[in-house]
Amino acid sequence: SEGPLKDMLVDGIVGGVGGVIVFLPNILILYFCISLMEDSGYMARAAFIMDKIMHKMGLHGKSFIPLIMGFGCNVPAIMASRTIENRKSRLITMLINPLMSCSARLPIYLLLVGAFFPNNASLVLLSIYAIGIFLAVLLARLFSKFLVKGDDTPFVMELPNYRLPSPKSVMQLIWEKAKDFITKAFTIIFLATIVIWFLQTFDVRLNVVTDSKDSLLALIGGLIAPVFSPLGFNDWRISTALITGFTAKESVVSTLTVLLGGDTALLGTMFSTKTALVFLVFTLLYTPCVAAIASVRREMGTKKAAFMVAAIQCLIAWSVAFLVHLVLKLI
């Protein structure tokens, strides 16, 4: 029968969680490539080859491995930074790692790129990743010069032999990542989806609303909206989706799906081509998920460092997105 419960199941849970699960194959392909590089012994050699370039950035050859791992997930990548003996390189690697676009952001890119840039999808996607890498290089230089003090150390590393990747260990890594992703989808995203659905369905007096503009969610979104309006985001639903991304980046997709009533073909009512591009840049750069911030805190040992990562990234994301918005306005 029709009613709020059916809406919650269809538009909320199935729409929200389903909207994220669809992107599992893309994420597994990414991990498959990373595990092949690791298992064949190529990753260590790449770190050795990259040492000269890394030193120019104020980093160490060993920083290359955690940074590449960051494209999979920032949490293990930040933890992998502890293998870098040099304190200066270790801290800078942790600080810039969240700029490596993790697999959790991939669903956001695929959703918006597919909707707004179907003819130039690969070019737009490549540009998004390139912006993250460029800013990571730039910040590493700045941090190395002004923020993190310390001396450089020479690169010493034992290179493993080349070998054929073992299908067992590659499959094991892929299975673990798939399990992590599905677990996250059915815990964090599941809960976030129900909360978003509830806030979108009821008003302050807990009456069912006919128009989501009168809902609790619109009220909360409206309070946050002024922060994002200089970026061209004039729809309260956009700021709401960004806020849910603080728990897990995949939640952005599930929130947008729930807010559109499960029909992502309606994305055009929320974004124009230009605001979609600004949104992509902002989601690339803003604060990583709660788990990544917790990892920074655990590795650096202070709340201050974790807060710094969160605050610096929000500031960078807002500034760069604002610049992109201004440039697109002029075009």
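Residues numbered from 1 in each chain as written. Predicted model: local features only at pLDDT ≥ 70, side-chain atom pairs only at ≥ 80, totals over all residues. Heavy atoms only, no water.

What follows concerns the nonpolar core. By size, the foremost hydrophobic cluster in this structure holds 95 residues, and its most contacted members are Ile96, Phe271, Phe279 and Leu285. Ranked by residues supplied to this core, first place goes to helix H9 (residues 121-147) with nine residues. Beyond its immediate chain neighbours, meaning those up to four positions away, Ile96 contacts Leu59, Leu67, Ala136, Leu139, Ala140 and Phe143. (Core = buried A, V, L, I, M, F, W, Y, C linked by side-chain atoms within 4.5 Å. Buried < 20%, exposed > 50% of the residue type's maximum accessible area, 1.4 Å probe, protein only. Helix = DSSP H or I, 4+ residues; strand = E, 2+ residues; numbered from the N terminus. Contact = heavy atoms within 4.5 Å.)

Turning next to the pattern of salt bridges. Applying the stated criterion to the full structure yields two salt bridges. Here Asp39 and Arg163 are joined by a salt bridge, their closest N and O atoms 3.9 Å apart. In this pair, Asp39 sits in helix H2 (residues 24-39) while Arg163 sits in the loop between H9 and helix H10 (167-186), placing the two residues 124 residues apart along the sequence. For Arg163, a relative accessible area of 46% gives the class partly exposed. (Salt bridge = Lys/Arg side-chain N within 4 Å of Asp/Glu carboxyl O.)

Looking at the protein chain as a whole, the pLDDT averages 84, with 95% of positions reaching at least 70. Model confidence for the protein chain, summarised as mean pLDDT per element, is weakest for helix H1 (residues 4-21) at 72 and strongest for helix H15 (residues 273-285) at 95. (pLDDT = per-residue confidence, 0-100.)

A few words now on the packing of aromatic side chains. This structure, assessed with the given rule, holds 11 aromatic pairs. Both rings, one in Phe71 and one in Tyr129, keep their centres 5.9 Å apart while their planes meet at 40°; by these two values the pair is tilted. Of the two residues, Phe71 is situated in the loop between helix H5 (64-69) and helix H6 (74-80) and Tyr129 in helix H9; the sequence distance between them amounts to 58 residues. Given a relative accessible area of 15%, Phe71 falls into the buried group. Of the aromatic side chains, those joined through ring pairs into one cluster are Phe116, Phe233, Phe271 and Phe279. Taking the ring centre of Tyr162 as reference, the NZ or CZ of Arg45 above it sits at 4.1 Å. Above the plane of the ring of Tyr286 lies Lys249, whose end atom (NZ or CZ) is 4.2 Å from the centre. (Phe/Tyr/Trp six-rings, centres within 6.5 Å; stacked < 30°, edge-to-face > 60°. Lys NZ or Arg CZ within 6 Å of the ring centre and 35° of its normal.)

All right, on to the packing of helix H7 (residues 87-96) against H9 then. Contact geometry of H7 with H9 gives a least axis separation of 10 Å together with a crossing angle of 140°. Considering their axes alone, H7 and H9 lie oblique with respect to each other. As H7 packs across H9, the resulting crossing turns out to be right-handed. Contacts from Lys88, Ile92, Leu95 and Ile96 of H7 reach H9 at Ala136, Leu139, Ala140, Phe143, Ser144 and Leu147. Of the residues in the contact of H7 with H9, the class split is eight nonpolar, one polar and one charged. (Axes fitted to C-alpha atoms, helices over the stretch in contact; angles between N-to-C directions. Parallel < 35°, antiparallel > 145°, perpendicular 65-115°, else oblique. Left-handed = near helix turned anticlockwise from the far one by under 90°. Nonpolar A, V, L, I, M, F, W, Y, C, P; charged D, E, K, R; others polar.)

Residue position: Leu59 is located in the loop between helix H4 (51-56) and H5. Look at Leu59 and you get buried, because its relative accessible area is 0%. Counting along the chain gives 54 residues from Leu59 to Leu5, while the straight-line C-alpha distance between them is 54 Å. Other than its neighbours up to four places away in sequence, Leu59 contacts Met54, Leu67, Ser89, Ile92, Thr93, Ile96 and Ala140.

On the surface, Phe134, Leu138, Leu142 and Phe146 cluster together into a nonpolar patch covering about 440 Å² of accessible area. Secondary-structure assignment places Leu142 in helix H9. (Patch = residues over 30% accessible without salt bridge, like charges linked within 9 Å, V, L, I, M, F, W, Y side chains within 5 Å. Areas by Shrake-Rupley, 256 points an atom, 1.4 Å probe, with all protein chains shown as cover.)

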